Amino acid sequence: MLSVEEALDKILNELDPLEEESAPILESLGQVLAEDIKSDINVPPLDNSAMDGYAVRSEDTTGASEKTPVFLRVIGTVMAGSISQQEVMPGTAVRIMTGAPVPAGANSVIQFENTDDEKRKESAPGQPLTRAGIFSEASLGLNIRKAGENIARGTVVLKKGTVIRAAEIGLMASVGYSHVKAIRRPVVAILSTGNELVEVDKPLPEGKIHDSNAYSIASLVKRHGCVPRMLGIARDDEESLVSKLKQVQDADMLLTTGGVSMGDYDIVKDIITRDGEMVFWKVRVKPGKPLAFGKIKGKDKSIPHLGLPGNAVSCMVSFELFVRPALLKMMGKKNFAKPTVEAILEDTVKNDAGRRLYDRAIIEKRNGHYYARLTGSQSSGILASMGLANGLVLIPEDTKIVNKGETVQVLMLDWNEEVNI
Ligand code: AMP
Ligand code: MG
């Protein structure tokens, strides 16, 4: 049986980043840039004010203080987005708002807080301010943001391969990109298998259960920025499975759940072996041992297929360990590892399986330390325990027992409000 690392290596070896597409920048959140973003403009385009205040000539403010103000004649106002028609001549000032281009002649800005502006407004409300008392000296360039200071014309602001987050989208907007080339999102076909399964919107006959895996797995697919394609439910017979597999068509990956363990009707692995190619089956991990990885024939390409176990928890844990990195690689990302923390275990955990354990746990930070408390029964069908958990406690395959109070590695599933990072 393969270790988690060996299995993951085999999966990643078979996958490459997908091709690029052009998308409106807002659609590209979470994708990876497939081009350098180069600015052909200066940002900001002109020298502008970093403060609300007075644009002045610094030489006019020599000796200014609150006790000995320098008085300047106010010759106009300029707001952000306008160009002042006035030139600041000796003895004059222009009222200037944050972001407004600095008028000709001015070389510094005194913020209102260092002038008598407030006092004048109070003593003569509504009156135009014709004179400003300056309370401090302005050094050359004070409160002026230089043209191109943020981004100089010709600069590569973002490199190909960058993960596009909010700041990157803002940057692209600031240099005038409305569309961007990015690695496209994988389309992931999702198929549940099992005679016992019934769609969520259908009544449950005796002995049947609703198909929940398709929904938890599709949600994880969406959460990682990929596009789920719901294929529904295949019965545990060859005909039903083969006909569903035909619908995979041009998807970039197929995820099935169920039908990969040792039961009489677990035919998924047999069909992959017969009609496609089986790369491996079974991993030394708990939950999630009966994971199958292979390839099936799509419309005109071979499609990677991960046959996830049917148990509701197993398939989600297998997703985190194997599908997530696979999808991230296809999206062109470089870092696949989930964040881990070291936590103090609040329960004793035994490992008789000789496999790597990933136990569901609630991780909390108290007094500067992370603590991990198991969610209760670790039976792999109890989906509610996955709902409680925000992390998976990792117990190595050769460790028989970890006692309460000992330190363990935890794979974080969610950094939620309960985790005070
Ligand atoms: P299998 O691997 O097909 O033997 O399934 C293992 C267990 O998972 C069985 O108890 C199934 O009923 C359950 N199971 C399989 N597929 C699903 C599904 N899509 N939704 C909920 N439970 C499932
Ligand atoms: Mg089954």
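Residues numbered from 1 in each chain as written. Chains lettered and ligands numbered in written order. Predicted model: local features only at pLDDT ≥ 70, side-chain atom pairs only at ≥ 80, totals over all residues. Heavy atoms only, no water.

Re helix α6 (residues 268-275)
- Those residues of α6 lying buried are Val 268, Lys 269, Ile 271 and Ile 272. Summarising the axial view, the buried residues of α6 lie within an arc of 165°, below the 170-degree limit, and thus occupy one face.
- Considering only its buried residues, α6 is in contact with β12 (187-193), α5 (238-246), β16 (253-257), β17 (277-281), β19 (292-297) and β20 (302-308). (Buried < 20%, exposed > 50% of the residue type's maximum accessible area, 1.4 Å probe, protein only. Helix = DSSP H or I, 4+ residues; strand = E, 2+ residues; numbered from the N terminus. Arc of directions from axis to C-beta. Contact = heavy atoms within 4.5 Å.)

Focus on the packing of helix α4 (residues 213-223) against helix α7 (residues 312-330)
- Where α4 contacts α7, the two axes come as close as 10 Å, and the packing angle between them is 20°. It follows that α4 is roughly parallel to α7 by the angle criterion. Crossing geometry of α4 relative to α7 is assigned as right-handed. Between α4 and α7, the residues in contact are Asn 213, Ser 216, Ile 217, Leu 220 and Val 221 and Ala 312, Cys 315, Met 316, Phe 319 and Glu 320, respectively. (Axes fitted to C-alpha atoms, helices over the stretch in contact; angles between N-to-C directions. Parallel < 35°, antiparallel > 145°, perpendicular 65-115°, else oblique. Left-handed = near helix turned anticlockwise from the far one by under 90°.)

Some remarks on the packing of α5 against α6
- The interhelical angle for the contact between α5 and α6, taken along N-to-C directions, is 60°, at an axis separation of 11 Å. Viewed along their axes, α5 and α6 adopt a mutual orientation that is oblique. Where α5 crosses over α6, the two elements pack in a sense that is right-handed. Taken together, the residues of α6 that come into contact with α5 (itself represented by Glu 238, Leu 241, Val 242 and Leu 245) are Val 268, Ile 271, Arg 274 and Asp 275.
- Within the contact of α5 with α6, the residues separate by chemical class into five nonpolar, no polar and three charged. (Nonpolar A, V, L, I, M, F, W, Y, C, P; charged D, E, K, R; others polar.)

Focus on the nonpolar core
- Membership of the largest hydrophobic core comes to 45 residues, with the highest contact counts inside it found for Ile 217, Met 253, Leu 255, Leu 306 and Phe 322.
- If you list the elements that add at least two residues to this core, you get α1 (4-13), β12, α4, β16, β20 and α7.
- Per-element accounting of this core gives the leading share, twelve residues, to α7.
- If sequence neighbours within four positions are ignored, Met 253 has contacts with Val 187, Val 188, Ala 189, Ile 303, Pro 304, Leu 306, Val 323, Ala 326, Leu 327 and Met 330.
- Core analysis: the next-biggest nonpolar cluster, separate from the first, contains 18 residues, Leu 191, Leu 231, Ala 234 and Ile 271 among them. (Core = buried A, V, L, I, M, F, W, Y, C linked by side-chain atoms within 4.5 Å.)

Thoughts on the sheet that holds strand β6 (residues 92-96)
- Taken together, the five strands give an open sheet; going across it, the order is β7-β4-β6-β5-β8, and neighbouring strands pair in mixed fashion. One side of each edge strand has no neighbouring strand; the edge strands of this open sheet are β7 (108-111) and β8 (131-134). Averaged over neighbouring strand pairs, the angle between their axes works out to 40° when direction is ignored. (Pairing = 2+ DSSP bridges.)

Looking at the side chain of Arg 355
- With respect to the helices and strands, Arg 355 occurs in the loop between β22 (349-350) and β23 (356-366).
- Here Arg 355 occupies a buried position and makes no salt bridge, while the nearest side chain of opposite charge, Glu 397, is found at 9.9 Å.
- Reaching out from Arg 355, the side chain makes a polar contact with the backbone oxygen of Val 285 at a distance of 3.0 Å.
- Not counting chain neighbours up to four residues away, the residues in contact with Arg 355 comprise Val 283, Arg 284, Val 285, Lys 286, Lys 289, Ile 395, Pro 396 and Glu 397. (Lys, Arg positive; Asp, Glu negative; His and termini not counted. Salt bridge = Lys/Arg side-chain N within 4 Å of Asp/Glu carboxyl O. Polar contact = N/O pair within 3.5 Å; in protein donor to acceptor, adjacent residues only side chain to side chain.)

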